[in-house]
Structures are given as C-alpha cells and as structure tokens.
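Chain by chain, the residues run as shown.
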Amino acid sequence: MFPETVQCLKTAAPLFCQAAFLKDLRRLSAHGGASCLQARRHFGVSRCLTAKVPPPPKPREKVEIPGLEMITYSERMHYVPGLSKPVFPSWEREYKDPGHYRSPPLQEMPLHKEKPCYVYNQRTNALEGVHQALWLTKTKLISGLPPQMLSLAENPANQIPDQNERVQNAIRHARFWDTTEERPGIDKYSNTLLFNLLHLCATLQSSHPAIGRRILAEKYSLAATWKRGEDLFQIRGQNGLLYNSMDPLPEVSGKQEVADTTDHILEDFYPVSPTIDLQEVHVYNEEVNCSGFRGDYPYPHAHTLYFIGGADTHCKLQPEQFRAKMVMFTFGNALARAHKLYGTQPQRVLDRPITLQAVGTNGRIFHFMVFQLNTTDLSGDDGIKNQVWLDKDVELYEFAKVRPLIKKKQVMVPAGLAGYKPETFSKFLALYLHGAV
Amino acid sequence: MMAVSCLTRALRSLTLSQPALLSSQAVAQTKLGAQAPCSLGQCRGFLTTAPLEQNRKHWKQSEKYTIKPIGMKKTGGRDYSGRIRTHGIGGGHKQKYRCIDFQRLRYEADKESQPFEEKVVEVRYDPCRSADIALLAGGKRKRWIIATENMQAGDIIKTSGVIGRMAVSANEGDAYPLGALPVGTLVNNLEIQPGKGSEYIRAAGTSGVLLRKVNGTAIVQLPSKQQVQVLETCIVTVGRVSNIDHNKRIIGKAGRNRWLGRRPSSGLWQRKGGWAGRKIKPLPPMKSFINLPAISAK
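Residues numbered from 1 in each chain as written. Chains lettered and ligands numbered in written order. Predicted model: local features only at pLDDT ≥ 70, side-chain atom pairs only at ≥ 80, totals over all residues. Heavy atoms only, no water.

**Student:** Would you take a moment to explain the overall build of chain B for this structure?
**Tutor:** A count of helical and extended segments in chain B gives 3 helices and 13 strands. Buried positions account for 33% of the 298 residues belonging to chain B. For chain B, contacts bridging at least 24 residues in sequence account for 62% of all contacts bridging at least 6. Of the accessible surface of chain B, which amounts to about 18800 Å², a share of 55% is contributed by carbon and sulfur atoms. (Helix = DSSP H or I, 4+ residues; strand = E, 2+ residues; numbered from the N terminus. Buried < 20%, exposed > 50% of the residue type's maximum accessible area, 1.4 Å probe, protein only. Contact = heavy atoms within 4.5 Å. Areas by Shrake-Rupley, 256 points an atom, 1.4 Å probe, with all protein chains shown as cover.)

Laid out in structure tokens, this is it:
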C-alpha cells in the first residue's frame, strides 16, 4: 500500500500543501502579524512553517482604455474567469446618520485653511516654559507679588481666627485622613487640600460681605484667539477651577508703570521657535473667543484661577512648564474678557486693564501669580506689554509623612505634618480677599 | 487495498483539477515547492513552535518620527526561523528605544538648503547603545542625536550643507560636509553616501580622522585604521563621540553582564582553529564608496 500512496501523495502533496501553505501564509502575513502574535499549535502535518515569508504579490495594474466597454460578470452574479471585475458606483446615504459617518479627509473639511494655527491646550508641555509663555503673550515678568498683596496679607483684620491651627488641620485631613488606604494619592490630596483652603477662606464672609458676590466654577472650556507676528495662536481647553465675581478686580499697577513697559525687550530663545510644542492645526475656527460662560451669566468677571498639578494623570508637568500653563490660561481668560468688552480689533492700550490672579499647586508647593492685561495689540514685539507678578515655589509645609523617616536609628523627619509655613497661607488668603477688602 | 486504491484515485483526480485553479500562481508555487519541502515521512504530529511573525521588527515600523521612547522587543539572538543565530544574547534589563535621527542634515519642512542651528536640551544615557544621546530642539521640531564628547545642555549646535572655498574652523558637535572641514579634524557619525544617514563611527569614544581631500572626494580613517574614500558632500559631525571612558569600565561581576543582555558562552573547551591568535597583516586596501562612471559595475 505504501509505495503507491506515497507516490500519489507526493505528486498531490506539492500542490496540496502549497495551496494550503499559501493560504496559511496569507493568513499569517495578511494582518502584518498583528493577530498572530499569540503562539498557537499547528496541527497541520504536511508542511514546514519555518520558511521565509514571500513578499506580498503586487496587484496587477489596471489599464483604463477609454471607449472600451469592459464586460463584467455583474449580470452573471458570480465570478467568471476571464471577465473583468465590475465597478459599482459608491453609494451614499441620503439622510444623515451619526452612527455611520465617515469624516472627509483633512483637506476637504469645510474649515480647512492653508495657514496653520498653533493651539495651546491643557496638555501642552512647553519646552521653554515661562519664557515661551511670556513671549507668546507679550508679557513682562516681575518676580514677587505686588506690594498691595503683601500688605493685605499682613493686615491682622484679614485673618481667620485660629488660622494656623485650622490650616494645619486642613493639611492633615487632605494628606492623612481622607482615605481608607495607607495614604491618598497626589491627585486626591491636592484636590482636597485646595478645597479645604478655599472653604477656610470663605468663612470670612461674615466680615467681608463682598465674598458673597463670588462663585466657583469648574470644567468650563476656554477659547481665545490672537495674532502674534505672522502666526495665529489659540488657547483652548478646560484648565481648572475658576473663581468668578460680579465685580472686576482693581488694577494693580498704575498708568505710569504700564507706559514704562514699552521699554522692556522680550526675551528671545533662538534657535528654538516660539511655536515649538504647540499643536499645529489646519482645521480651525477663526476668531473664536469664548470665556466659557454665556452672556447673561451673573458672575462675568474672572477673579482667580486655581490649577491643580496632579489632576491630569496623562500629563505630568515639571514646575517650569506648570507655571507656563498658568500664565497662558490666565492670559486666555483675560483676553476672552477683553475681546468681549472692547471687541476683537487689537487695542494698543486698554482703558481699564483687566487683572486676573492664579494659584497653582501640586499639594505642597504653591505658585502665586497676578496677571494684568494692558494691551490686545500683540502682533509686534514693541509697544505696551502685559505684566505678570510671579511668586514661585512657595512651600506650604515641608513634610507630611505617614511613616517617619529614620536613618541610622535617628528620626530625621517625624511622622505627621512638619515644617508648616504660615506665610504661604496668608498669601493665599490675600489673593482670595483682593478686591473684597 | 480497495480503500487505498479509491483514495489514490481520488487524489489523482484532485491533482488534475488543482492546476486549473492555481494556474496564475504556478511560478510562485514552484519556487515555494523548492523552499518548503514536505517532511512526509518524518512528520511530527503537531508543531508547537510560535508562528513566523514573532521576530519581525514590527515595533520599529512607524513612519512618523517621535522623541517619545518606544517599547522594544528583544530577539534573544533568534532569527526569523526561531533558531539561535547569534549565541550569547538574551535576557537583560528591559529597554526602551529612542528614535535617533542619524541624518543630521535634515531640513525642516519649509526651510530648505540653509545652514541652521539647534539647541541641546539635554544629554542622557541611552540603553540601546554605548554612546550618550542628546535631545536637540530647533525651529518647531525636537530630535535625538548621538552626543559628542563635550556636549552639554544649553549648547548651540550648527548644521550646514554648504562647502565653501575656505575650510571652516568647526566647533565640536557641529556637522559639516567633509569638503568644508580642514584636513586632520576628528570626525564621527560618518555617512558614506550623501543623504543616507550616518552608519560609521557611532560607538562611544570613537573618532575618525580626515586624512586628505582629493578632487571631490575625501579620505577618512576609521577607528579600525581602515581608510575609506567617500564623496565630499557626505555630512559628518566634528569631535569624538561621548562617553569616552566606556572601554575603561570594569564589569565587575557576571551578573552585570547578564543585566546587559549577554548570556554566558558555552563552557565546552573547543580546539581553536586558524581564526584564533594574533594576526599581523598589512592594512586592507582603501575602500571606495564613490560610484565613478568610468569604472563599470561588477
């Protein structure tokens, strides 16, 4: 039996196994191996699978001869060798079905423009940090908070009774007590700490009634557009917590200082372009300016922005980039307000400069910022600049350890809250009370 | 016997009908027939080896350049068939691959043909090579390159494709065509065909020497003392590659070699053949990578 079968199978087998081999290879190589990364058993016994995969055959070029009518097998309703493949007209739905919608390619979208727009969103990690933000917003940096804030902070009438004790309890609640696990994560404790501190500041409403004319808002989407040089910039995104008020903030620097900013030269960071790390889009809406709220919102004036560092798990920003984000979004809010009040045409000097504040924290270190928008004419590098007062890397406390740090049997850092600094909270309170005193 | 003859008759009829279906692929089939011998007599039962696609570099195939580190798949010295082709490779710490841009003279989209400058943002260790890598930022893009010896964060690096009449006094880390550099400069990251990207002199601490320039070509001595003749428009960077003390480090223990992904060699004593031992022989002739039209292709 065997010689006969072997002979016949040998003649049959090459074609046999090659057909199946091809099929197998096609199956293996068709998806580029994506589906075949799982090791599986191969029960086929007739062939060896460890050969080199042949490259995929190039499909034959279709030659279009105009005037020649191709006879297709469409009437026969099945494949007939020798007849050409029918080409059917593409079908499109007459009605709009959002469940089955294919977006057109980028070039055919209605809002497509040749000139790109550079968008700063809440996950942008600017390479040059604060310098890049200052160049983009045409701002002059002054380190340290303005003197009015510092005097506000020191005024004993503006302090909460048992201030230090209550703030330390707030920190302990955020860092130790707010969880059933050993310690809460940074996204949780930074959030809890901020809300605890805001709550403490709000207890002063009995002595400062103007606090009642303010409200907190979260998850609002900001949009602002401006031109800088020849490029169009936009800032979009949900940045953080916004503290809104019915009355605008008073201006921090006088007219003379504003006029003096004309002499300041913006720092250039050649060879890096200022548009680095910004998202370049060709499909955008020009002149989109939205403060996030409708026209008849009772609290139209933005007072303070609160940024939480650990909030976005996908985007961990270094302190420099975090401060840049603060500057950009404060500027965005101010610009949206200015466009609403004075129109979208660039104004060289605003009659009433728009002042905004920002506080950024990662749960332990705070950055305080006061921004004053003096001009919306941002195309050139000269002229009046905006101003920003930045107080960076201010610690609220040094250590908040769940377990003490012991080196060589000596307690270096005890468990619990250590190294509390009361000045930081007084600055926080001063920024909160600015405009309400 | 009856059953067997029926079976053979059925199979014979199958062979007659098969060619009609697969007529267009007959050529491919004959080729495959040579490559895929059916082990009919000794077939095993079932094959438990993993499929072919395991050792293809699918993780390295994206066309878009990114500076984000990409997860890498180790081969363990195995080739496409799954067998060991190179012994002694395997294990070791997991590594992420950072896409290095070896073509130094890569212009940005709209700024063609002008010498440009870039700023070094950081210089860091790369697990995939002996040299350190540097992150350059220029214009709107960031890219990784192989760092040279004294490169630090904050330096400004120039890249130029222009060959002037006078030789340029190049700073370390700058990239120029060979024709623009003075004879005797230490160079690294040599490309042998202009525009292809550098393939030579990339290891830690290595440097080549520009020996002489001969009408339109330049002769460079590689670290192995071999000399190559390349076109003078090929871009090189000036200086030695970073991490110069790489060859002086002491591994210290077998475990460190295992962390680097090197498995121990076989302990079997094997008689060494003619390949072993010190050889003193003259330098090989100079290799030329210029395609002169007068010399016909072999």
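Past the structure itself, the notes keep going.
**Student:** I would appreciate a short explanation of the overall build of chain A in the present structure.
**Tutor:** In terms of helices and strands, chain A carries 8 helices and 15 strands. For a compact globule of 437 residues, the expected C-alpha radius of gyration is about 22 Å, and chain A comes in at 33 Å, more than 25% above that figure. On the principal axes, the C-alpha backbone points of chain A span a range of 110 × 70 × 45 Å. Taking all 437 residues of chain A together, the buried fraction comes to 45%. Sequence-distant contacts, at least 24 apart, represent 76% of the contacts inside chain A between residues at least 6 apart. (Rg over C-alpha atoms; globule rule 2.2 N^0.38 Å.)

**Student:** Would you mind showing me how to read the sheet that holds strand S1 (residues 112-120) of chain A here?
**Tutor:** All names here are of chain A. On the basis of which strands lie adjacent, the open sheet formed by 4 strands has the order S4-S5-S1-S7 and mixed pairing. Strand pairing shows two members of the sheet lacking a second neighbour, strand S4 (221-228) and strand S7 (279-283), which therefore form its edges. Within this sheet the neighbouring strands show an average axis-to-axis angle of 30°, counted without direction. Taken together, the 4 bridges between S1 and strand S5 (residues 231-238) define a ladder with parallel strand orientation. By the bridge assignment, Tyr120 is partnered in S5 with Ile235. Here helix H7 (residues 319-342) sits on the sheet and contacts S1, S4 and S5; the angle it forms with S4, its principal contact strand, is near 85°. (Pairing = 2+ DSSP bridges. Axes fitted to C-alpha atoms, helices over the stretch in contact; angles between N-to-C directions.)

**Student:** When you look at helix H3 (residues 147-154) of chain A in this model, what are you seeing that I'm missing?
**Tutor:** All names here are of chain A. Inspection of H3 places Met149, Leu152 and Ala153 among the buried residues, and these make up the whole buried set. The buried residues of H3 occupy one face: seen down the axis, they fall within an arc of 100°. More than 90 degrees from the buried face of H3, the exposed residues found are Pro147 and Glu154. On its buried side, H3 packs onto strand S9 (354-361), strand S10 (365-373) and helix H8 (422-433). (Arc of directions from axis to C-beta.)

**Student:** I keep staring at the environment of Phe233 of chain A and nothing clicks. Help me out?
**Tutor:** Residues and elements named next belong to chain A. The residue Phe233 is located in strand S5 in this model. Judged by relative accessible area, which is 1%, Phe233 ranks as buried. For the pair Phe233 and Gly419, spaced 186 residues apart in sequence, the C-alpha to C-alpha distance is 43 Å. When residues no more than four places from it in sequence are discounted, the contact partners of Phe233 are Cys117, Tyr118, Leu136, Ala224, Thr225, Trp226, Arg228, Thr275 and Leu278.

**Student:** Is there a simple way to explain a nonpolar patch on the surface in this structure?
**Tutor:** Taken together, the side chains of Val63, Ile65, Leu68 and Met70 of chain A make up a nonpolar region of the molecular surface, amounting to roughly 410 Å² of accessible area. With respect to the element layout, Ile65 of chain A can be found in the loop between helix H1 (2-30) and S1. (Patch = residues over 30% accessible without salt bridge, like charges linked within 9 Å, V, L, I, M, F, W, Y side chains within 5 Å. Salt bridge = Lys/Arg side-chain N within 4 Å of Asp/Glu carboxyl O.)

**Student:** Help me understand the pattern of salt bridges in this model?
**Tutor:** When the charged atoms of two side chains lie near each other, side chains of opposite charge can form a pair. The final tally for this structure, using the stated rule, is 19 salt bridges over all chains. Between Glu182 of chain A and Arg183 of chain A there is a salt bridge, and its shortest N-O distance comes to 3.5 Å. Close ionic contact of Arg364 of chain A with Glu395 of chain A constitutes a salt bridge, the shortest N to O distance being 3.2 Å. Residue Arg364 of chain A is found in the loop between S9 and S10, and its partner Glu395 of chain A is found in strand S11 (residues 386-395); the two are separated by 31 residues along the sequence. Put simply, Asp101, Arg106, Glu118, Arg141 and Arg143 of chain B are held in one network by salt bridges that share partners.

**Student:** Sorry, what's going on with the packing of helix H5 (residues 186-202) of chain A against H8 of chain A here?
**Tutor:** Relative placement of two packed helices is described by the angle separating their axes and the distance separating the axes. Residues and elements named next belong to chain A. Following both chains from N to C, one finds H5 and H8 inclined at 65°, their axes separated by 10 Å at the closest point. Helix-helix and strand crossings are classified by hand; for H5 and H8 the assignment is right-handed. Residue-level inspection shows Leu194, Leu197, Leu198, Leu200, Cys201 and Ala202 of H5 in contact with H8, the latter providing Phe425, Phe428, Leu429 and Tyr432. Tallied by class, residues from the contact of H5 with H8 come to 10 nonpolar, no polar and no charged. (Left-handed = near helix turned anticlockwise from the far one by under 90°. Nonpolar A, V, L, I, M, F, W, Y, C, P; charged D, E, K, R; others polar.)

**Student:** Any chance you could explain the confidence of the model for chain A here in plain terms?
**Tutor:** When pLDDT is low, close inspection of the predicted coordinates is not appropriate. Mean pLDDT over chain A stands at 86; residues scoring 70 or higher make up 90%. Predicted confidence is poor over residues 8-35 of chain A, with pLDDT under 50, and the contacts of this stretch with residues over four places away or in other chains come to 50 contacts. (pLDDT = per-residue confidence, 0-100.)

**Student:** Is there a simple way to explain the pairing of strand S12 (residues 235-238) of chain B in this structure?
**Tutor:** Residues in a regular strand point their side chains to alternate faces of the sheet. Residue and element names in this part refer to chain B. Here S12 shows two buried faces, one formed by Ile235 and Thr237 and the other by Val236 and Val238. When strand S7 (residues 175-177) meets S12, the two strands line up antiparallel, connected through 3 bridges. Bridged to Pro177 within S12 is Ile235. Where strand S8 (residues 186-188) meets S12, 2 bridges bridge the pair, whose relative direction is antiparallel. Along S12, the bridge assignment pairs Asn188 with Thr237.

**Student:** Looking at this structure, how should I read the packing of aromatic side chains?
**Tutor:** Aromatic ring pairs are defined here through the distance separating the ring centres and the angle between the ring planes. Residue and element names in this part refer to chain A. Tallying each qualifying case throughout the model produces 18 aromatic pairs over all chains. Look at Phe307 and Phe329: their rings are 6.4 Å apart centre to centre, the planes differ by 50°, and that puts the pair in the tilted class. Here the residue Phe307 occupies a position in strand S8 (residues 301-308), and Phe329 occupies one in helix H7, the gap between them amounting to 22 residues. Each of the two residues, Phe307 as well as Phe329, counts as buried. For the pair Phe366 and Phe368, a centre-to-centre distance of 6.0 Å together with 20° between the ring planes defines the contact as stacked. Grouping residues by exposure puts Phe366 and Phe368 together as buried. Feature note: the residues Tyr243, Tyr306, Phe366, Phe368, Phe425, Phe428 and Tyr432 constitute an aromatic cluster, connected by ring pairs. Here Arg175 stacks its cationic end above the ring of Tyr189, 4.0 Å away from the centre of that ring. We note Arg228 situated over the ring of Trp135; from NZ or CZ to the ring centre the distance is 4.2 Å. (Phe/Tyr/Trp six-rings, centres within 6.5 Å; stacked < 30°, edge-to-face > 60°. Lys NZ or Arg CZ within 6 Å of the ring centre and 35° of its normal.)

**Student:** In this structure, what is going on with unusual backbone geometry? I would like to understand it.
**Tutor:** Leaving glycine aside, a negative phi is the common case for residues, and trans is the common case for peptide bonds. In this structure, the amide linkage connecting Tyr270 of chain A to the following residue, Pro271 of chain A, adopts the cis form with an omega of 5°. Even without being glycine, Met77 of chain A reaches a positive phi, approximately 65°. Inspection of the secondary structure puts Met77 of chain A in the loop between H1 and S1. Residue Met77 of chain A is classed as exposed on the basis of its relative accessible area, which comes to 73%. The backbone phi angle of Lys225 of chain B is positive, close to 70°, even though this residue is not glycine. Among the secondary structure elements, Lys225 of chain B is positioned in the loop between strand S10 (217-221) and strand S11 (227-231). Take Lys225 of chain B: its relative accessible area is 48%, and that puts it in the partly exposed class.

**Student:** Quick question: what am I supposed to make of H7 of chain A here?
**Tutor:** An α-helical turn contains 3.6 residues, so any two residues separated by three or four positions project in the same direction. Residue and element names in this part refer to chain A. Taking 1.5 Å per residue as the helical rise, H7 with its 24 residues ought to reach 34 Å, and the 34 Å between its terminal C-alpha atoms agrees with that figure. Across the 24 residues of H7, 19 count as buried, placing the element largely inside the fold. At the exit of H7 stands Gly343, carrying a positive phi of roughly 90°. (Expected span 1.5 Å × (residues − 1).)

**Student:** Mind showing me how you'd approach the side chain of Glu191 of chain B here?
**Tutor:** Residue and element names in this part refer to chain B. Mapped onto the secondary structure, Glu191 falls in the loop between S8 and strand S9 (208-214). Notably, Glu191 is buried but unbridged: the nearest opposite-charge side chain belongs to Arg106, and the N-O separation is 8.8 Å. Within the local environment of Glu191, its side chain forms a polar contact with the backbone nitrogen of Gly197, the two atoms lying 3.0 Å apart. Within the local environment of Glu191, its side chain forms a polar contact with the backbone nitrogen of Ile235, the two atoms lying 3.2 Å apart. For Glu191, the residues in contact, after removing those within four places along its chain, are Lys196, Gly197, Ser198, Glu199, Val230, Cys234 and Ile235. (Lys, Arg positive; Asp, Glu negative; His and termini not counted. Polar contact = N/O pair within 3.5 Å; in protein donor to acceptor, adjacent residues only side chain to side chain.)

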